[in-house]
Structure formats: C-alpha cells, structure tokens
Amino acid sequence: VDYNGVEIHAHTLATLLDHRPLHVATPPQTALVTAALGALIAVACTFLSPAWGLLLAVAAGSAWWWGAARAFAADAVWPVAGPWLGMGLAWTGNQVGRSVEEARQRRWIQGLFGRYVTSEIVDYLLAHPEHLQLGGQECEASILFLDIRGFTAYSQGQSPAAVLGELNTLFSQIAPVIERHAGLLYK
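The sections below set out a description of the structure shown in this document. For every chain, the first residue of the written sequence is number 1, and numbering continues from 1 along that sequence. Two thresholds apply to this predicted model, a pLDDT of at least 70 for residue-level local features and 80 or more for giving and counting side-chain atom pairs, whereas whole-chain, interface and lining totals are computed over all residues. As a convention, hydrogens and water are excluded, and side-chain values are obtained from all of the structure's heavy atoms.

### Points about the overall build of the chain
- Elements are defined by DSSP. Helices are runs of H or I of four residues or more, strands are runs of E of two residues or more, and each kind is numbered from the N terminus. A tally of regular secondary structure across the chain gives seven helices and two strands.
- For the chain, the α and β elements follow one another from N to C terminus as α-β-α-α-β-α-α-α-α.
- For the radius of gyration, the atom set is restricted to C-alpha positions; the globular benchmark scales as 2.2 Å times the number of residues to the power 0.38. For 187 residues, the compact-globule formula gives about 16 Å, and the C-alpha radius of gyration of the chain, at 34 Å, lies well above that figure.
- Burial status across the chain gives 17% buried among its 187 residues.
- Note on contacts: a residue pair qualifies if any of its non-hydrogen atoms lie within 4.5 Å across the two residues. A separation threshold of at least 6 residues defines the contact pool for the chain, and within that pool the share at least 24 residues apart is 56%.
- All accessibility values rest on the Shrake-Rupley procedure with a 1.4 Å probe; residue burial counts only the protein chains present in the view. Carbon and sulfur atoms form 65% of the exposed surface of the chain, whose accessible area is close to 14,400 Å².
- Note on charges: Lys and Arg go in the positive column, Asp and Glu in the negative column, and His and the chain ends are not counted at all. The atoms used to mark charge sites are NZ of Lys, CZ of Arg, CG of Asp and CD of Glu. Distance between charge centroids for the chain: 7 Å, based on 10 positive and 14 negative side chains. For each residue, the accessible area found with a 1.4 Å probe, counting protein chains only, is set against the maximum for its type, and the residue is called buried under 20%, exposed over 50%, and partly exposed in between.

If you want it as structure tokens, here you go:
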C-alpha cells in the first residue's frame, strides 16, 4: 500500500501505541549474516563458471531481499545492503582470484615450454592446460640432425667473423623452412 503525507506518521504512531515496535537486527547479527552469505557465494563460485556464479549471487541477493521484505511485513528489519555487498565482493574476489591464477599459469607454461617448443605448441597448451602431463604425449615426429662436413677443420683456419657469417647464411636459409613446417630449431 502506498501511503502519503501524514498517513505515514499515523501508522508509525499506531505501531508504537499497539506495542508492536520493529525488531532491528543487531550489528553482530548483521555482520554474521553478511559474512555467512559472502562465504556461501565465495565457496559456491569456486565450483561454478563465472556466469553461473554471478547468476547464483543475483538469485541469492534477490531471495534475501524478498525475505527482508516479508520480515518487514512481520515487524522485523533485516539488513539488505551489507549482505548484498558481501555477496558482490565475494563474487568479485573470486573472479579476481581466478584471473590472477590463470595469468600465473600462463606465465608458468610460457616460461617452461617457450624455450623448447614452437609458439603454436605453447598457444595450444595455454588453450588446453589439461594436456599438460608428466611423460608427454606420443605422436609421430620427424627429427633432422644436421652436421656440416669438415666444419671443425674449416672453422679452425677462419676468423670468428667469417665462421659466424657462414653459419648465419646457412641458418637464414634453413630456419624459415623448419619454421614453416612447425619445427623447432634447437642449437
């Protein structure tokens, strides 16, 4: 019912004269409810996707608001802002924690494999971290061992700059072919 003007004062006075004061939650009760609802959302969100966690937080907040409205009709005042804030912060904290953990895992995978495999494999492992396992994975692969005949004897009679120039010429021709076939040039 929508009350205007003096009717609000009249109903307030009638409530007091009928000895039906509103029962307000104490600060410890408010803190306990806020902490409990926040903890419930935080624990539930660790097992749910972000979207389902948000849906749960909104549903729990709506249910709490509905319960507070029903309690007010029964002359009790339940806190609303604190529990909503607690549930919102719990969901937000969970998402921040997930983002930090994913970034840490991404850096770990890139640091561990980035020096040994191609960027395509690192990207695949980042997209599918469940494929990280001890022992690796069996697959067909080709390995090319390349040795330059007489290189040791040749390099002993040349200056370091000349040897480096020869190796750079060789690698500039070989490296693009290896990389084009998703290979890795090692040493």
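### A short note on the packing of helix α2 (residues 27–47) against helix α4 (residues 81–113)
- Running from N to C, α2 and α4 point in directions that differ by 30°, and their axes come no closer than 8 Å. Regarding the angle of α2 to α4, the classification is roughly parallel. For the element pair α2 and α4, the recorded crossing hand is right-handed. Counting all contacts with α2, which are made through Val 33, Thr 34, Leu 37, Gly 38, Ile 41, Ala 42, Cys 45, Thr 46 and Phe 47, the residues of α4 involved are Gly 82, Pro 83, Gly 86, Met 87, Ala 90, Trp 91, Asn 94 and Arg 98.
- Partitioned by chemical class, the residues of the contact of α2 with α4 number 10 nonpolar, six polar and one charged. To obtain an axis, a line is fitted to C-alpha atoms, over the contacting stretch when the element is a helix, and the angle between two such axes runs from 0 to 180 degrees between their N-to-C directions. Roughly parallel refers to an angle under 35 degrees, roughly antiparallel to one over 145, roughly perpendicular to one between 65 and 115, and oblique to any angle outside these ranges. Left-handed describes a crossing in which the near helix is turned anticlockwise from the far one by less than a right angle; the clockwise case is right-handed. Three residue categories are used. Nonpolar comprises Ala, Val, Leu, Ile, Met, Phe, Trp, Tyr, Cys and Pro, charged comprises Asp, Glu, Lys and Arg, and polar comprises the others, including Gly.

### Considerations on the nonpolar core
- Nonpolar cores were defined as sets of buried Ala, Val, Leu, Ile, Met, Phe, Trp, Tyr and Cys residues, with membership established by side-chain atoms within 4.5 Å. With eight residues, the main nonpolar core is built from Leu 37, Ile 41, Cys 45, Ala 57, Ala 60, Trp 64, Met 87 and Ala 90.
- Among the secondary structure elements, those contributing two or more residues to this core are α2, α3 (50–73) and α4.

### Observations concerning the packing of aromatic side chains
- Stacked, edge-to-face and tilted labels apply to pairs of Phe, Tyr and Trp rings (six-membered ring for Trp) whose centres lie within 6.5 Å, assigned for plane angles under 30 degrees, over 60, and everything in between, in that order. Tallied over the entire structure, the rule returns one aromatic pair.
- Centroid distance Trp 64 to Trp 78: 5.0 Å. Interplanar angle 25°. Geometry classified as stacked. Here Trp 78 lies in the loop between β2 (76–77) and α4 and Trp 64 lies in helix α3, a separation of 14 residues in the sequence.

### Some remarks on the environment of Leu 132
- Structurally, Leu 132 is set in the loop between α5 (119–127) and α6 (151–156).
- Taking C-alpha positions, Leu 132 is 23 Å from His 181, a pair spaced 49 residues apart along the chain.
- Excluding residues that lie within four positions of it along the chain, Leu 132 makes contacts with Trp 108, Ile 109, Phe 113 and Leu 125.

### What about a nonpolar patch on the surface?
- Grouping into patches uses exposed residues only, defined as over 30% relative accessible area, and leaves out salt-bridged ones; the cut-off is 9 Å for like charges and 5 Å for nonpolar side chains (Val, Leu, Ile, Met, Phe, Trp, Tyr). Between Lys or Arg on one side and Asp or Glu on the other, a salt bridge is scored when a side-chain nitrogen of the former is within 4 Å of a carboxyl oxygen of the latter. A cluster of nonpolar side chains, Leu 22, Val 24 and Phe 72, forms an exposed patch at the surface whose accessible area comes to about 300 Å².
- Here Leu 22 shows up in the loop between α1 (6–17) and β1 (23–24).
- With relative accessibility at 40%, the residue Leu 22 sits in the partly exposed group.

### Quick look at unusual backbone geometry
- The phi angle at Asp 75 is positive, at roughly 70°, despite the residue not being glycine.
- Note on placement: Asp 75 falls in the loop between α3 and β2.

### Topic: the packing of α3 against α4
- Orientation of α3 relative to α4, taken along the N-to-C sense of each, is 175°, at an axis distance of 9 Å. On the basis of their axis angle, the class for α3 and α4 is roughly antiparallel. Of the residues in α4, those in contact with Pro 50, Gly 53, Leu 54, Ala 57, Ala 60, Gly 61, Trp 64 and Trp 65 of α3 are Pro 83, Trp 84, Met 87, Trp 91, Gln 95 and Arg 98.
- Among the residues forming the contact of α3 with α4, the class breakdown is 10 nonpolar, three polar and one charged.

### Some details on the environment of Ala 69
- When you line up the elements, Ala 69 lands in helix α3.
- Residue Ala 69 is classed as partly exposed on the basis of its relative accessible area of 26%.

### Observations regarding the environment of Ile 41
- Along the chain, the position of Ile 41 falls in helix α2.
- Classification of Ile 41 by relative accessible area gives buried; the value is 0%.
- Setting aside anything within four residues of it in sequence, one finds Ile 41 in contact with Leu 56, Ala 57, Ala 60, Met 87, Ala 90 and Trp 91.

Limitation: the analysis is restricted to geometry and does not speak to function.
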